[in-house]
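# Secondary and tertiary structure notes
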Amino acid sequence: MKIVSALRSVRSKSEATLIGVFSGEEKNSGKAFEDNKIKNFISELAKTHRFSGKEGAFFFSPVPGDAKRGVLIAGLGDKKKFNAEKLRRLGSALFAKLNGLSFESARVELDTLVGSGVSYADGAAALVEGIRLKEYRFDFHKSKDKKEEKPETLKEIVLAVRDKKALDSVSKEIAVAQTIVESANVARRLGDEPANVMTPRRLAEEARKMAREVGLKCQILDEKQIRALKMGALLGVAQGSKEPPRFIILEHHGASGKPIVLVGKGITFDSGGISLKPPQGMDLMRYDMCGGAAVIGILRAAAKLKLKQHLIGLVPTCENLPSETPTRPGDIHTTYLGKTVEVLNTDAEGRLILSDALAYAHKYKPRAIIDMATLTGACVATFGDQCMGMMGNDPALLKNIQKAGYETGERCWELPMWQEYGDMIKSDFADLKNIGGKYAGTITAGKFLEVFVGDYPWCHLDIAGVAWRESPAYYTKAGATGVGVRLMVRYLRNLTKRS
Ligand code: BES
Ligand code: ZN
Ligand code: ZN
C-alpha cells in the first residue's frame, strides 16, 4: 500500500475522502469538501447532528448518487487537547475502516487535521506511523487457510494539502516517517519470532543481513571471541544453554567524533534459569530481546536516513535456561570490567549481560550511553503499559529523551537513583550481587547497571511494560511494539536539528 502526498487542488479518483472535525465545529465541516454536492450533503447532515466531533467518533456515508465513493468524518475531540498521538490513533483507525469497507484508495484532507498545535510535517508523520503500525502483521507461521484476516484491499492513501509550501515538507516527512516506522516494524518482527526461531545466532544473522542491506558496519563476536574478551557475566548467563551467545556490534558513521552508544538486552528466551520462572506467562519471555531488537531497528533507520550522528549499537544476546551446566545461585562471575558479581538469582540475568556491554562501550569514549532492556517485572508493576522507566546520571540527556518520548507517544518517566539504593546491591562475598531486596526492584537494577557505566553520560530505559502487548490497543496489535525505535530516532533527529 502506498502513502503519497498531493496538492489539494489536484483532483483525485480516490474512492473515499476523510476529513477531521473538532468538537463543536461540526457545522462548518462541509467546507472541507471541494465538490459542491458533497459540501451541501455534509452541511445537511451536520444540521441534523448525524456525525460528531467527539474524539474517536467515526462516521461513514456513501456519496449520494455515487455508491462507489464515500466520505469519512473523524471526530478529533477538543481542539485545545489535540496532539500527534491522536493522529497516530486516527491513522490506525482509518486504515482498519477503509479495509473493512473494501476501499482501494482514499484521500485525507490534511488541512482539517493539523494546524492546532500539530504541524503539517508532524501530522503527516503521525498518520503514516499509525497506518503502518496498524498494517504490520505477524502470521508467517500460519498456513494460508488459518490466516484469520482477509487480504487487505487498500492500495493507496493520498495526504492532500492546500498550500504548495506545506506540500514539500509533507512529502519529505512522509518518506522519513515510512523509513522510521518500517524500522520499528523490523524490530517488532524480530521480537515476535518465537524463541526457537529467533536464537542468538539467528538474531546476529538478521543484524548482519540488515547491516549489509543498508550499509552499516557490523561485527559479530562468537563465543570464542567473547571468552577471549573475558565477558564473564554474559558467558555466565549463556552457559545454561546449548545455544551459544553472540555479541552484536553495529556502527553508523554519519558524523565524526565520539559516538553515542546504544545497548540493547538480547535475551532470546528468559526461563529464569535455575531460579526458574512460574509456567504462567513464561512464553512471553521470548520478548526478552526487544531492547536488542530496538537497537537493531534504530541503527537501520539511522543508516537509511543518513542521520548525521556517529552511532554504535551493542547487543549482547543469549538464552537463559536451566540445564546441567547453568550458573547456580551463589556462583560468582568476573565481568568484563573486572568487577565480580554474586549471582543470587539467575532470573536477574539482563543486568548481567548488559554489564559486560556497558563496560565494553567505554572503548568508544562515548558522548553518551543509552541502554534499553525488558529488565524488571517491578517496572511493569509500577507503570503498567503506559511508559518506560527512565534512570541515568545526566539530566540534560534524560530531559531530551523524555521530550522525544512525548513527541512519539513512547513515554518515559524518571526514577530516583539515590546512593542508598546502591547499598542494596552490596554483596558479602563479591563486589556486588545481582539482586537488591524485595522492594525498588527497577531502581536497584538501574543502580547495578550504573556501576558499569563509569562516568559517561548515561540513560537506562526499562521497557518491560511496553515492549509487547497482550491485547491490541490503537495502533499496536498483540505482540511486540517496536518501542524504542521511534523514540530514539526522534531523539537523534532532534539533536541533529539543534546542532
Ligand atoms: N526479563 C525479566 C523481566 C520482565 C518480567 C520483563 C516481566 C517483562 C515482564 C527479567 O530478566 C527478570 O526476570 N527480572 C526479575 C528480577 C528479580 C529476580 C530481581 C524480576 O523482575 O522478577
Ligand atoms: Zn530474568
Ligand atoms: Zn530477562
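Residues numbered from 1 in each chain as written. Chains lettered and ligands numbered in written order. Predicted model: local features only at pLDDT ≥ 70, side-chain atom pairs only at ≥ 80, totals over all residues. Heavy atoms only, no water.

### With respect to the packing of aromatic side chains
- Scanning all chains against the criterion turns up 10 aromatic pairs.
- With a centroid separation of 5.6 Å and an interplanar angle of 45°, the aromatic rings of Phe-51 and Phe-59 are classed as tilted. Neither Phe-51 nor Phe-59 differs from the other in exposure class; each is buried.
- Each residue in the set Phe-247, Tyr-336, Tyr-360 and Tyr-364 is aromatic and connected to the rest through ring pairs, giving one cluster.
- Sitting over the ring of Tyr-474, Arg-89 keeps its end group 3.8 Å from the ring centre. (Phe/Tyr/Trp six-rings, centres within 6.5 Å; stacked < 30°, edge-to-face > 60°. Buried < 20%, exposed > 50% of the residue type's maximum accessible area, 1.4 Å probe, protein only. Lys NZ or Arg CZ within 6 Å of the ring centre and 35° of its normal.)

### Quick look at the coordination of the zinc ion (ligand 2)
- At 2.0 to 2.2 Å from the zinc ion (ligand 2) lie its protein donor atoms, namely Asp-270 (OD), Asp-347 (O), Asp-347 (OD) and Glu-349 (OE).
- One can describe the site at the zinc ion (ligand 2) as irregular: its 6 donor atoms subtend angles covering 70 to 167° at the metal.
- Read from N- to C-terminus, the donor residues coordinating the zinc ion (ligand 2) fall into the pattern D-x76-D-x1-E.
- The metal-metal distance between the zinc ion (ligand 2) and the zinc ion (ligand 3) is 3.2 Å, with Asp-270 coordinating both. In this pair, Asp-270 is assigned in strand 10 (residues 266–270) and Asp-347 in the loop between strand 13 (340–342) and helix 9 (350–360), connecting sequence segments 77 residues apart. (Donors = N, O, S within 2.8 Å, 3.2 Å for Na, K, Ca; no water. Tetrahedral: all angles 85-135°; square planar, octahedral: opposite > 155°, others 65-115°. Helix = DSSP H or I, 4+ residues; strand = E, 2+ residues; numbered from the N terminus.)

### Structural notes on the site of ligand 1
- The full set close to ligand 1 counts 16 residues, and Asp-270, Lys-277, Asp-347, Glu-349 and Gly-377 are the nearest of them.
- Within the contact set of ligand 1, an oxygen atom lies 2.9 Å away from a side-chain nitrogen or oxygen of Asp-270.
- For ligand 1, a nitrogen atom lies 2.9 Å from a polar atom in the side chain of Asp-288.
- Burial of ligand 1 by the protein chains amounts to 78% of its free accessible area of 520 Å².
- In the shell around ligand 1, the residues fall into 5 nonpolar, 4 polar and 7 charged. (Near = heavy atom within 4 Å. Polar contact = N/O pair within 3.5 Å; in protein donor to acceptor, adjacent residues only side chain to side chain. Areas by Shrake-Rupley, 256 points an atom, 1.4 Å probe, with all protein chains shown as cover. Nonpolar A, V, L, I, M, F, W, Y, C, P; charged D, E, K, R; others polar.)

### Things to note about the coordination of the zinc ion (ligand 3)
- Donor atoms from the polypeptide that coordinate the zinc ion (ligand 3) comprise Lys-265 (NZ), Asp-270 (OD), Asp-288 (OD) and Glu-349 (OE), at 2.0 to 2.4 Å from the metal.
- Around the zinc ion (ligand 3), the 6 donor atoms sit at angles spanning 78 to 173°, and that spread fits a shape best called octahedral.
- Site description for the zinc ion (ligand 3): donor spacing in sequence, K-x4-D-x17-D-x60-E.
- By relative accessible area, which is 3% here, Asp-270 ends up buried.

### Brief notes about the packing of helix 5 (residues 200–214) against helix 8 (residues 290–305)
- Packing of helix 5 against helix 8 leaves a shortest axis separation of 10 Å and a crossing angle of 5°. As summarised for this structure, helix 5 and helix 8 are arranged roughly parallel, according to the angle between their axes. Residues Leu-203, Ala-207, Met-210 and Val-214 of helix 5 lie in contact with helix 8, whose contacting residues are Ile-296, Arg-300, Ala-303 and Lys-304.
- Taken together, the residues of the contact of helix 5 with helix 8 sort by class into 6 nonpolar, no polar and 2 charged. (Axes fitted to C-alpha atoms, helices over the stretch in contact; angles between N-to-C directions. Parallel < 35°, antiparallel > 145°, perpendicular 65-115°, else oblique. Contact = heavy atoms within 4.5 Å.)

### Observations regarding the sheet that holds strand 13
- Reading across from one edge, 12-13-17 is the order of the 3 strands in this open sheet, with mixed pairing throughout. Lying at the two open borders of the sheet, with one neighbouring strand each, are strand 12 (332–334) and strand 17 (432–433).
- Here strand 12 pairs with strand 13 via 3 bridges, running antiparallel. Across the sheet, His-333 pairs through a bridge with Val-341, a residue of strand 13. (Pairing = 2+ DSSP bridges.)

### Side note on the sheet that holds strand 2 (residues 16–22)
- The mixed open sheet is built from 6 strands, whose spatial order is 1-6-5-2-4-3. Looking at which strands have only one partner, the edges of the open sheet turn out to be strand 1 (2–7) and strand 3 (58–63). Looking at each pair of strands side by side, their axes are set apart by 25° on average, direction ignored.
- Where strand 1 meets strand 6 (residues 156–161), 6 bridges bridge the pair, whose relative direction is parallel. Bridge assignment links Leu-7 to a residue of strand 6, and that residue is Val-161.
- Strands in contact with helix 4 (residues 164–192) are strand 1 and strand 6; relative to strand 1, the strand with the most contacts, it is inclined by about 170°.

### Examining the domain arrangement of the protein chain
- Along its sequence, the protein chain is carved into domain 1 (2–162) and domain 2 (183–498).
- When each unit is reduced to the centre of its C-alpha atoms, the spacing between domain 1 and domain 2 is 38 Å.
- On the side of domain 2, 15 residues touch domain 1, which itself brings 18 residues to the contact.
- Overall, the association of domain 1 and domain 2 removes approximately 1500 Å² of surface from exposure, summing both partners, and the carbon and sulfur fraction of that is 54%.
- Counting across the domain 1 and domain 2 interface gives 2 salt bridges.
- The residue Arg-486 makes a salt bridge to Glu-129 at a minimum N-O spacing of 3.0 Å.
- In this assembly, domain 1 and domain 2 are joined by 14 residue pairs in polar contact (both at pLDDT 80 or more).
- Within the residue set of the side of domain 1 that touches domain 2, elements represented by two or more residues are helix 2 (84–100) and helix 3 (120–135).
- The element that contributes the greatest number of residues to the side of domain 1 that touches domain 2 is helix 3, accounting for 7 residues.
- Here the side of domain 1 that touches domain 2 is composed, by residue class, of 5 nonpolar, 3 polar and 10 charged. (Domains from an automatic or database assignment. Buried area = accessible area lost by both parts, 1.4 Å probe. Salt bridge = Lys/Arg side-chain N within 4 Å of Asp/Glu carboxyl O.)

### Some remarks on unusual backbone geometry
- For Lys-306, which is not glycine, the phi dihedral falls at a positive 50°.
- Examined against the element boundaries, Lys-306 turns out to sit in the loop between helix 8 and strand 11 (310–320).
- Positive phi outside glycine occurs at Ala-440, with the angle close to 55°.
- Mapped onto the fold, Ala-440 is located in the loop between strand 17 and helix 13 (441–453).
- On the basis of relative accessibility, which here comes to 29%, the residue Ala-440 falls in the partly exposed class.

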